[in-house]
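# Secondary and tertiary structure notes
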Amino acid sequence: MKKLWKGLCTIAVFMTVWFCCATSCFAGAELNNGTFKYEADFYNNTCVLKGYLGNDSVVNVPESIDGYRVVSLGSECFLRKTNVVKVNIPSTVKSIRARAFMESGIREITIPETVTQLSGSAFYSCSNLERVVIKAPITKIEMNTFAECFNLKSVVLPNTLREIDSYAFQYCRSLTSINIPSSLKVLNRAVFEDCSSLVSIDLKNCESIGSHTFSFCKSLQNVKMEKCKDIGAIFRECTSLKEIRISESVQYIAGEAFRECSSLEKVYVCNPDTRIEINSFEATPKLTMYGYSGSTAQEFAKKRGIRFQDIRTAEPSIISITLNATSGNMKVGNTFTLKATVKPDNAIVKSVTWTSSNSKIASVSASGKVTAKHPGTAVITGMTINGKAAKCIINVRPNGTPITKLLSQKKGWLNIQYRANSNADGYQIQYGMSSNMKGAKYVAVHNRGIRSYTRKDVKSGATYYVRVRTFNVVNGKRIYSDWSGIKSMRVK
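Let me sum up the structure you'll find in this document.

What counts and what doesn't
- Residues numbered from 1 in each chain as written.
- Predicted model: local features only at pLDDT ≥ 70, side-chain atom pairs only at ≥ 80, totals over all residues.
- Heavy atoms only, no water.
- Helix = DSSP H or I, 4+ residues; strand = E, 2+ residues; numbered from the N terminus.
- Buried < 20%, exposed > 50% of the residue type's maximum accessible area, 1.4 Å probe, protein only.
- Lys, Arg positive; Asp, Glu negative; His and termini not counted.
- Salt bridge = Lys/Arg side-chain N within 4 Å of Asp/Glu carboxyl O.
- Polar contact = N/O pair within 3.5 Å; in protein donor to acceptor, adjacent residues only side chain to side chain.
- Contact = heavy atoms within 4.5 Å.
- Pairing = 2+ DSSP bridges.
- Core = buried A, V, L, I, M, F, W, Y, C linked by side-chain atoms within 4.5 Å.
- 1 Å grid on protein atoms, 1.4 Å probe; cavity = no way out; pocket = protein on both sides within 12 Å on 5 of 7 lines; lining within 4 Å.
- Points joined across faces, edges and corners; volume = space filled by probe spheres on them.
- Nonpolar A, V, L, I, M, F, W, Y, C, P; charged D, E, K, R; others polar.
- Right-handed = clockwise from strand over helix to strand, strands pointing away.
- Phe/Tyr/Trp six-rings, centres within 6.5 Å; stacked < 30°, edge-to-face > 60°.
- Lys NZ or Arg CZ within 6 Å of the ring centre and 35° of its normal.

## Notes on the side chain of Arg469
- For Arg469, the position within the fold is in strand β40 (residues 463–474).
- Here Arg469 occupies a buried position and makes no salt bridge, while the nearest side chain of opposite charge, Asp482, is found at 7.4 Å.
- Here the side chain of Arg469 touches Gln428 through a polar contact of 2.7 Å, side chain to side chain.
- If we skip the residues at most four places from it in the chain, Arg469 touches Gly426, Tyr427, Gln428, Tyr480, Ser481, Asp482 and Trp483.

Listed below in structure tokens is the structure:
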């Protein structure tokens with residue numbers, strides 16, 4: 001028995017070793033076909049390209065090699081392949097791994113929609129790279145992905161992008177502009193540091209910007225950042241920056257934020273409560289700060305000996321305001337957001353104050369969100385800092401009620417049942433023998449608690465069509481809801 005047990009154990013160990021070796025061989029075997037080294041996955045019938053062995057300047061990556069579907073450009077696949085200037089990536093590829101093209105001669109690249117992973121340093125120090133189009137629906141560009149691509153001039157980013165990690169475009173010194181998608185929320189540390197040709201950038205909905213993001217961008221002149229909450233030490237030595245608008249969303253400006261921005265002449269601080277560190281504007285001798293009287297900006301300017309002006313005098317000022325609606329019908333409980341457009345587009349202070357003529361009927365929030373509260377009419381006004389105004393008339397109507405049942409208990413009787421509405425003053429019922437309600441009669445029920453009404457004089461044997469609506473009495477006049485759906489009943 002002991003010999004049998006010993007024999008079985010020996011077989012088990014042998015099988016385990018064999019299985020592990022087989023797994024190693026078949027699930028991660030490194031092969032080559034003369035053009036590419038690749039790692040084959042026997043079980044999934046896929047492979048990862050590990051290295052390019054050819055000498056062509058334009059490389060068409062195949063969809064499959066030796067029957068294995070190409071799903072990834074592996075780490076260092078084209079590392080230092082300076083002869084390669086263009087690579088066409090097939091739709092089978094799902095990932096581009098770290099350092100895949102690092103220090104290669106690549107000049108342009110399109111990353112297809114099928115790619116879901118673009119790893120850090122993938123194109124690090126590709127000094128000849130000029131054009132990048134990212135069609136892949138990625139949400140993040142990883143650290144160092146395009147850093148030190150000194151000749152990069154054009155980048156197209158996907159509208160799925162939410163974050164750009166640290167140093168992603170650092171030292172891209174030929175980049176003059178980049179279109180930031182509205183989906184982007186986060187820029188981490190030094191993303192565009194020393195992009196010395198970058199002239200303008202619109203950060204749209206970006207809320208967080210890491211330190212040194214634009215440091216040493218010596219050509220930067222135009223920056224828009226409407227949703228940013230804090231400004232860290234991000235504009236150091238932006239020596240061409242002459243003016244900047246710091247929006248209402250900014251709550252804090254860190255030390256050295258604008259250090260040595262030697263051409264900076266005008267800073268508009270649109271939030272009266274923005275905290276400003278004492279050394280935020282070191283070595284900015286031409287600076288005039290614009291803010292509200294009594295604001296933290298005025299206090300800061302006084303402490304630092306900086307010229308200060310009331311922001312309401314800043315040019316260009318608002319010359320007009322329009323709303324996305326001048327009137328509207330709403331039901332009780334519904335909401336609608338008014339949006340203001342102020343002209344000119346480059347007006348310094350674009351903030352709008354919202355008020356309601358009767359907040360019991362329709363209230364409005366600081367962001368222009370209107371809430372219908374009670375039947376009636378209210379006027380919502382949006383007003384700019386310099387007194388320009390636009391109005392929207394809101395007519396609030398009551399909520400309706402459905403018919404729940406029609407009955408004909410007796411000859412010539414028609415009982416109409418509907419759902420009670422505790423906020424209504426009453427109900428109006430319409431009934432007739434035409435499905436389009438032509439020639440129908442009306443009757444009113446003046447008690448909100450009554451949920452049925454009976455007519456005892458309708459024509460026996462006829463089919464009647466019925467609908468109902470609620471009403472409220474405001475200033476002696478009825479305001480009606482929409483009609484319910486029409487229901488029909490053949491009378492006994």
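## What to know about the sheet that holds strand β17 (residues 208–209)
- Ordered by their spatial adjacency, four strands build an open sheet running β12-β14-β15-β17, and the pairing between neighbours is parallel. Among the strands making up the open sheet, the edge pair consists of β12 (140–141) and β17.
- Where β12 meets strand β14 (residues 163–164), two bridges bridge the pair, whose relative direction is parallel. Counted as the bridge partner of Lys140 is Glu163 from β14.

## A look at the nonpolar core
- Of all hydrophobic cores here, the largest spans 87 residues; its most connected members are Phe101, Phe123, Phe169, Phe192, Phe235 and Phe258.
- Elements with a minimum of two residues in this core: β2 (36–41), β3 (46–52), β6 (68–73), β9 (108–111), β11 (131–134), β20 (243–246), β22 (266–269) and α2 (296–304).
- Residues contacting Phe235, with those up to four places away along its chain left out, are Phe214, Leu220, Val223, Met225, Leu241, Ile244, Ala257, Phe258, Arg259 and Cys261.
- Listed in part, the 21 residues of the second largest apolar core include Ile318, Ile321, Ala372 and Ala390.

## Description of empty space enclosed by the protein
- Summed over all chains, the structure comprises one cavity of 30 Å³ or more.
- As a volume, the largest cavity reaches approximately 80 Å³.
- Ile311, Arg312, Ala314, Pro316, Ser317, Ile318, Ala347, Ile348, Val349, Ile385 and Asn386 together form the lining of the largest cavity.
- Among the residues forming the lining of the largest cavity, the class breakdown is eight nonpolar, two polar and one charged.

## Describing the pairing of strand β25 (residues 307–310)
- Where strand β24 (residues 288–291) and β25 come together, four bridges link them in parallel fashion. For Tyr290, the partnering residue across the bridge sits in β25 and is Gln309.
- Since β24 and β25 lie parallel, the crossover through α2 that links them has a hand, and here it is right-handed.

## With respect to the packing of aromatic side chains
- Applying the stated rule across the entire model yields 19 aromatic pairs.
- Summarising the aromatic geometry, the rings of Phe214 and Phe235 are spaced 5.6 Å apart at their centres and angled 10° between planes, so their arrangement reads as stacked. Separated by 21 residues along the polypeptide, Phe214 in the loop between β17 and β18 (222–224) and Phe235 in the loop between β19 (230–231) and β20 bring together distant segments of the chain. Of the two residues examined, Phe214 and Phe235, each falls in the buried class.
- Between Tyr268 and Tyr290 the ring centres are 4.7 Å apart and the planes differ by 35°, which places this aromatic pair in the tilted class. Taken together, the residues span a long stretch of sequence, with Tyr268 in strand β22 and Tyr290 in strand β24 at a distance of 22 residues.
- For Tyr290, a relative accessible area of 8% puts it in the buried group.
- Between the NZ or CZ atom of Arg469 and the centre of the ring of Tyr480, over which it lies, the distance is 3.9 Å.

## Here we look at the environment of Ile450
- In this fold, Ile450 is placed in the loop between β38 (441–445) and β39 (452–455).
- Residues Ile450 and Tyr427 lie 23 residues apart in sequence; the distance between their C-alpha atoms is 9.1 Å.

## Points about the layout of surface pockets
- Roughly 1200 Å³ of internal volume is contained in the largest pocket.
- What lines the largest pocket is a set of 34 residues, among which Glu226, Arg245, Ser247, Glu248 and Lys350 lie closest to the centre.
- For the lining of the largest pocket, the secondary structure elements donating two or more residues are β18, β20, β29 (340–343) and β30 (352–356).
- Class assignment of the residues belonging to the lining of the largest pocket gives a composition of 13 nonpolar, ten polar and eleven charged.

## Considerations on unusual backbone geometry
- Going from Glu315 to Pro316, the amide bond is cis rather than trans, its omega being 0°.
- For Pro316, the position within the fold is in the loop between β25 and β26 (320–323).
- Residue Pro344 follows Lys343 across a cis peptide bond; omega there is 0°.
- Relative to the assigned elements, Pro344 resides in the loop between β29 and β30.
- Positive phi is not limited to glycine here, since Tyr171 has a value of about 65°.
- Along the chain, Tyr171 turns up in the loop between β14 and β15 (186–187).
- Tyr171 gets classed as partly exposed once you look at its relative accessible area, which sits at 24%.
- Phi at Glu256 is positive, roughly 65°, even though this residue is not glycine.
- Within the fold, Glu256 resides in the loop between β21 (252–253) and β22.
- For Glu256, a relative accessible area of 27% gives the class partly exposed.

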